[in-house]
Amino acid sequence: MAAKQARVDLTGDQKRQICVYKRENPDCTQEKIVRHFKAQWKMSLGRSTISDILKCKEKWLTISDETALLKRNRQGRHVELERALLLWFGDMEAKNAIISDAILTEKARAFGERLGVSSDEFRYSKGWLTRFKHRFGISKHTIHGESASADMTTIQSGRESLRREL
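A. Broad picture of the confidence of the model for the chain. Looking at the chain, the pLDDT average stands at 82 and 82% of residues meet or exceed 70. Mean pLDDT values over the elements of the chain span from 67, in helix α5 (residues 65-68), up to 93, in helix α3 (residues 47-55).

B. Examining the environment of L81 more closely. Residue placement: L81 occurs in helix α6 (residues 79-94). Accessibility expressed as a relative area gives 2% for L81, which makes it buried. Taking the C-alpha atoms as reference points, L81 and A110, 29 residues apart in sequence, are found 9.5 Å from one another. If sequence neighbours within four positions are ignored, L81 has contacts with A108, F111, G112, L115, F122, Y124 and W128.

C. Representation of helix α1 (residues 12-24) within the structure. Its 13 residues give α1 an end-to-end C-alpha distance of 18 Å, which sits within 8% of 18 Å, the value for a rise of 1.5 Å per residue. Residues of α1 that are buried: G12, Q14, K15, R16, I18, C19 and Y21.

D. Molecular detail of α6. Taking 1.5 Å of rise per residue, 16 residues should cover 22 Å, and α6 covers 22 Å from first to last C-alpha, within 8% of that figure. Along α6, the residues that are buried comprise L81, E82, L85, L86, W88, F89 and M92. End-on view of α6: buried residues confined to an arc of 165 degrees, all on one side of the axis. Facing away from the buried side of α6 by more than 90 degrees, the exposed set consists of L87 and A94.

E. A look at the side chain of R16. With respect to the helices and strands, the residue R16 is situated in helix α1. A relative accessible area of 17% means that R16 is categorised as buried. Separated by 3.3 Å, the side chain of R16 and the backbone oxygen of I63 make a polar contact.

F. Spatial organisation of the pattern of salt bridges. What the rule picks out here adds up to four salt bridges. The salt bridge involving D13 is made with R16; its shortest N-O contact spans 3.2 Å. Of this pair, D13 and R16 both sit in helix α1, three residues apart, which is roughly one turn of the helix. A salt bridge links E106 to R109; the nearest nitrogen and oxygen atoms lie 3.3 Å apart. Separated by three residues within a single helix, E106 and R109 lie in helix α7 (residues 101-114), roughly one turn from each other. Owing to a relative accessible area of 47%, E106 belongs among the partly exposed residues under this scheme.

G. Quick look at the packing of aromatic side chains. For the coordinates displayed, the defined rule picks out six aromatic pairs. Ring geometry for Y21 against F37: centres 5.4 Å apart, planes inclined by 80 degrees, an arrangement best described as edge-to-face. Of this pair, Y21 sits in helix α1 while F37 sits in helix α2 (residues 30-41); the two residues are 16 residues apart in sequence, bridging distant segments of the chain. Each of the two residues, Y21 as well as F37, counts as buried. Summarising the aromatic geometry, the rings of F122 and Y124 are spaced 4.8 Å apart at their centres and angled 90 degrees between planes, so their arrangement reads as edge-to-face. Residue class for Y124 comes out buried when judged on its relative accessible area of 11%.

How each quantity is defined
Residues numbered from 1 in each chain as written. Predicted model: local features only at pLDDT ≥ 70, side-chain atom pairs only at ≥ 80, totals over all residues. Heavy atoms only, no water. pLDDT = per-residue confidence, 0-100. Helix = DSSP H or I, 4+ residues; strand = E, 2+ residues; numbered from the N terminus. Buried < 20%, exposed > 50% of the residue type's maximum accessible area, 1.4 Å probe, protein only. Contact = heavy atoms within 4.5 Å. Expected span 1.5 Å × (residues − 1). Arc of directions from axis to C-beta. Polar contact = N/O pair within 3.5 Å; in protein donor to acceptor, adjacent residues only side chain to side chain. Salt bridge = Lys/Arg side-chain N within 4 Å of Asp/Glu carboxyl O. Phe/Tyr/Trp six-rings, centres within 6.5 Å; stacked < 30°, edge-to-face > 60°.

Here it is, written out as structure tokens:
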């Protein structure tokens, strides 16, 4: 009896690469695709894995960049609320705002009220917040000194004038 093949977890990006390769090489068999990516990624792939991925090729070709690196694409119960919170978080991060877990949770509650999510139906718990942050790759960053508040255009022009003087 043959040994059972080890389970392989592929990221969304790898699955997208398989679908793009098949689209660019429509006459390529699944066995050839297996050999191609085994050589490229140095991992064992099965033909049935390729088959399963190609069955859902529309999903993998349209996967967003933010979830492409995840091995499992899990969504929260309230996708719209999490999208709104993620957009707000991105805006605040671009402004170098300091955002604590308490602020993130309060903003989630505010978006939940606007989107009609009742607090009876959904709890804004620490567990939910931890999973939300994990799903979207949000982690704690320490800001040292005043480097985050420096204006990069002023720094660049100052460097150029210093070069001219030297």
